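Structural description and commentary
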Amino acid sequence: MALIETDRLSKIYPVGETSVRALDEVSVTVRPGEFVAIMGPSGSGKSTFMNVIGCLDEPTSGGYRLEGVDVGRRDRDALAEIRNRKIGFVFQGFNLLPRTSALENVELPMLYNGIGPKERRRLARASLKMLGLEGREKHHPNQLSGGQQQRVAIARALVNQAPLILADEPTGNLDTKTSVEIMELFVKLNRDAGRTILLVTHEPDIAAFSGRIIRFLDGRVISDEPVRH
Amino acid sequence: MQNDGAGAEAEMINIPATFRISLRALRANKMRSGLTMLGIIIGVGAVIVMLAVGSGASRRISQQIASMGSNLIIIMPGSSTAGGLRMGAGTQSTLTLSDAEAVARECTAVADVAPMHTGAAQIVYGNQNWATGIEGSGPGILNVRDWTLAAGRPFTDQDVRSATKVCLLGRTVADNLFGSADPLGQIIRIKKIPFVVIGVLAPKGQSMMGQDQDDTVIVPITTAQRKIFGTRLPGMVRHIVVKARGTDEMAAAEAQITELLRERHRLTPREENDFTVRNLTQIMQAAEQSTRIMALLLAAIASVSLLVGGIGIMNIMLVSVTERTREIGIRMAVGAKTWDIRLQFIIEALTLSLIGGVIGIVLGVTGAKLLSVLAGWSTVISVLSVLLAFGFSGLVGLFFGFYPAYKASQLNPIDALHYE
Ligand SMILES: Nc1ncnc2c1ncn2[C@@H]1O[C@H](COP(=O)(O)OP(=O)(O)OP(=O)(O)O)[C@@H](O)[C@H]1O
Ligand SMILES: [Mg+2]
């Protein structure tokens with residue numbers, strides 16, 4: 001069974017008198033365990049696609065199934081629950097809560113699914129440890145480097161055992177060396193932990209870490225091919 | 001790293017964690033939180049003080065009523081004009097002892113009568129010395145003023161007729177002159193004149209503007225007039241206190257007294273009363289009523305500041321929601337539901353208003369205590385008024401916190417995440 005299955009997904013933004021077709025009948029299928037890179041010029045609809053897949057945004061038309069379940073036309077709270085259980089987000093700008101320790105940032109998703117405080121703490125610690133952030137639990141985001149912050153964000157995305165990781169330009173704010181480290185992490189997560197990863201990037205070097213590249217242009221998929229290593 | 005079974009609890013909202021989030025947000029802006037609370041603090045404090053002062057005043061008046069005796073009518077010499085403006089009531093001398101006797105004899109609705117002649121004097125027993133109020137009256141005074149005797153006997157009509165030098169001591173006077181010794185049968189000197197103590201009054205306690213009611217000596221009115229104070233107009237009294245047979249007989253008693261005295265003073269129908277009859281209980285009850293209304297009014301005004309404090313909370317919460325739009329977006333992205341977000345901000349508003357409420361209660365109670373200690377006002381802080389103020393501040397937080405919380409929960413996750 002496919003993990004992600006979109007059927008002529010469209011997203012139209014009204015802008016003044018006219019409208020922008022950010023997504024134009026996109027039909028994509030992603031199987032569990034895949035590592036997909038999404039590429040394309042600026043404004044081609046990559047982020048829009050990720051937001052719809054991540055249940056952060058609703059499509060204007062078309063269907064979307066996640067793990068075989070129709071996600072379209074769900075209410076806010078149902079979507080929130082899907083995000084909480086099925087999806088881990090990694091953003092370009094990290095999106096950690098300021099003035100909040102790394103540990104508590106990682107605990108955040110578990111605040112909303114009824115895991116007790118002790119278990120929460122234990123799982124968050126384990127997740128941080130897995131990302132090599134042992135000893136940094138008490139640090140606030142402004143006391144961490146960009147790479148460390150992104151690893152905290154990844155720890156947060158992983159902590160709920162979500163099968164799908166969505167990363168929109170996760171290395172966009174990082175230098176090349178750190179980018180490579182982060183990408184190696186993703187590869188490891190994909191290969192060893194079986195997480196399905198969708199990752200947006202502008203850089204071919206980054207996309208090369210993935211197993212499949214989907215290219216967008218003007219809201220359409222113009223190519224979709226595996227990466228030859 | 002399995003979290004099996006979490007699904008069953010997924011509907012549950014994590015209150016302790018939400019509470020911690022709210023507290024942290026408040027701590028992050030200490031100055032702002034403090035200033036926002038100030039409105040609630042002042043409001044709650046003012047409500048508490050106003051209620052305390054108000055119920056203190058009305059309690060004092062009810063005590064006064066109770067201690068004065070019930071169903072009292074006071075007759076004063078001098079007239080009151082038709083417009084109700086008192087014109088020299090009490091300044092003329094038109095009431096006589098025989099008026100008092102006639103009222104006692106002839107008015108059927110009257111239970112007892114006490115003609116009064118009061119003053120102050122120095123009392124000496126041995127080397128003890130005490131300045132106190134002297135009340136000259138008839139035997140009826142005990143019944144009229146609801147005094148009871150702790151020891152001894154009351155004086156009689158015979159004592160009044162022959163102006164005997166006997167007296168009844170209030171508890172305070174007895175204690176101060178005699179200590180633990182028995183005053184009965186002892187001789188004290190009032191203005192150097194020897195008096196036999198024939199009775200001691202049972203204590204009534206303190207009240208009436210903090211005045212000690214037991215600090216008094218009662219003597220036959222004739223003795224007070226002729227021997228202690230002397231009077232230019234023998235047979236005249238300052239005023240007469242009358243006790244009606246019951247609350248429903250007050251009006252009848254007033255009418256009978258007026259009719260009798262007009263007759264006795266030979267007033268033609270054209271002439272105004274040369275005396276004034278007042279229903280003391282009614283006067284006091286009216287005073288009590290107006291004090292209570294005044295107190296409620298003050299509390300209502302005070303609660304307006306509570307309302308203003310609430311608006312302050314709403315204002316700051318709206319600012320807070322805007323400032324933290326991105327945080328809200330992050331929380332939504334990782335799975336916060338509508339009520340998770342709402343509760344976070346409602347608890348925040350509630351915390352502000354309840355902490356403000358507690359500080360306000362502490363300040364209000366302290367203020368009320370200070371008022372009674374420093375200014376001598378009697379204040380009563382009831383548990384109810386404290387609970388009321390606390391509950392009200394909570395309601396204010398809830399009410400004014402809801403809209404910002406609602407607004408936060410309705411944000412679009414994408415817009416919130418991308419908010420700069
Ligand atoms: N909220 C919005 N309102 C109107 N138009 C929007 C909105 N969000 C995106 N768009 C438009 O949709 C199109 C696709 O935007 P999207 O953010 O998906 O591009 P992208 O491929 O992620 O670009 P980039 O590489 O720069 O991140 C763009 O033309 C953009 O202007
Ligand atoms: Mg983008």
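Residues numbered from 1 in each chain as written. Chains lettered and ligands numbered in written order. Predicted model: local features only at pLDDT ≥ 70, side-chain atom pairs only at ≥ 80, totals over all residues. Heavy atoms only, no water.

Our focus in this paragraph is the overall build of chain B. When you go through chain B residue by residue, the secondary structure sums to 14 helices and 14 strands. Taking 2.2 N^0.38 as the reference for a compact globule, 420 residues should give roughly 22 Å; the C-alpha atoms of chain B span a radius of gyration of 34 Å, well beyond that estimate. Counting only C-alpha atoms, chain B reaches 105 × 60 × 40 Å along its principal axes. The burial tally for chain B puts 48% of its 420 residues in the buried class. (Helix = DSSP H or I, 4+ residues; strand = E, 2+ residues; numbered from the N terminus. Rg over C-alpha atoms; globule rule 2.2 N^0.38 Å. Buried < 20%, exposed > 50% of the residue type's maximum accessible area, 1.4 Å probe, protein only.)

What follows is about the pattern of salt bridges. Residues and elements named next belong to chain A. Counted under the stated rule, the structure contains 26 salt bridges over all chains. Between K177 and E181 there is a salt bridge, with its nearest N and O atoms 3.4 Å apart. Of the two residues, K177 and E181 both sit in helix α6 (residues 176–192), four residues apart, roughly one turn of that helix. Residue class for E181 comes out partly exposed when judged on its relative accessible area of 37%. (Salt bridge = Lys/Arg side-chain N within 4 Å of Asp/Glu carboxyl O.)

Let us now look at a nonpolar patch on the surface. A contiguous nonpolar surface patch, about 430 Å² in accessible area, is contributed by M31, L35, L38 and I42 of chain B. You can call I42 of chain B exposed: its relative accessible area is 51%. (Patch = residues over 30% accessible without salt bridge, like charges linked within 9 Å, V, L, I, M, F, W, Y side chains within 5 Å. Areas by Shrake-Rupley, 256 points an atom, 1.4 Å probe, with all protein chains shown as cover.)

A word on the environment of A408 of chain B. All names here are of chain B. Mapped onto the elements of the fold, A408 is located in helix α13 (residues 383–409). With a relative accessible area of 0%, A408 lands in the buried category. For the pair A408 and F345, spaced 63 residues apart in sequence, the C-alpha separation works out to 8.0 Å.

Okay, the interface of chain B and chain A next. Contacts between chain B and chain A engage 35 residues on the former and 34 residues on the latter. Interface area, chain B with chain A, both sides summed: about 3000 Å², of which 53% is carbon and sulfur. Viewed at the interface, chain A and chain B are joined by two salt bridges. Between E104 of chain A and R24 of chain B there is a salt bridge whose closest N-O contact spans 2.5 Å. Remark: the boundary between chain B and chain A carries nine residue pairs in polar contact (both at pLDDT 80 or more). At the level of elements, α1 (6–9), α2 (15–28), α11 (325–333), α12 (338–374) and α14 (413–417) of chain B are the ones that each hand at least two residues to the side of chain B that touches chain A. (Contact = heavy atoms within 4.5 Å. Buried area = accessible area lost by both parts, 1.4 Å probe. Polar contact = N/O pair within 3.5 Å; in protein donor to acceptor, adjacent residues only side chain to side chain.)

Residue and element names in this part refer to chain A. What the six strands build is an open sheet, ordered β7-β8-β9-β4-β10-β11; its pairing is mixed. A single partner strand is all that each edge strand has here, and the edge strands are β7 (87–91) and β11 (220–226). When the angles between neighbouring strand axes are averaged without regard to direction, this sheet yields 15 degrees. For β7 and strand β8 (residues 164–168), the ladder comprises five bridges, and the chain directions are parallel. From the neighbouring strand, I87 faces β8, where its bridge partner is L164. Its contacts with the sheet place helix α2 (residues 76–86) against β7 and β8, and it is angled at close to 80 degrees to β7. (Pairing = 2+ DSSP bridges. Axes fitted to C-alpha atoms, helices over the stretch in contact; angles between N-to-C directions.)

Reports often express the size of an interface as the amount of accessible area lost when the parts come together. As far as domains go, chain B holds domain 1 (13–63 + 287–417) and domain 2 (93–273). For domain 1 of chain B and domain 2 of chain B, the distance between their C-alpha centroids amounts to 55 Å. (Domains from an automatic or database assignment.)

Here we come to the packing of aromatic side chains. What the rule picks out here adds up to six aromatic pairs over all chains. Here the aromatic rings of F49 of chain A and F216 of chain A are separated by 5.3 Å at their centres, their planes lie at 45 degrees, and the arrangement is tilted. Of this pair, F49 of chain A sits in helix α1 (residues 46–53) while F216 of chain A sits in strand β10 (residues 212–217), and the two are 167 residues apart along the sequence. Assessed through its relative accessible area of 1%, F216 of chain A is described here as buried. Geometrically, the ring pair formed by F89 of chain A and F91 of chain A is stacked, given 5.6 Å between the ring centres and 10 degrees between the ring planes. Judged by relative accessible area, which is 13%, F91 of chain A ranks as buried. Cluster of aromatic residues (ring-pair linked, three or more members): W339, F402 and Y406 of chain B. (Phe/Tyr/Trp six-rings, centres within 6.5 Å; stacked < 30°, edge-to-face > 60°.)

Residue and element names in this part refer to chain B. Notably, D146 is not glycine yet its phi reads approximately 55 degrees, a positive angle. Judged by relative accessible area, D146 falls into the partly exposed class, the value being 35%. For R266, which is not a glycine, the phi torsion comes out positive at approximately 55 degrees. The topology assignment puts R266 in the loop between α9 (250–264) and β14 (275–279). Since its relative accessible area comes to 71%, R266 is described here as exposed.

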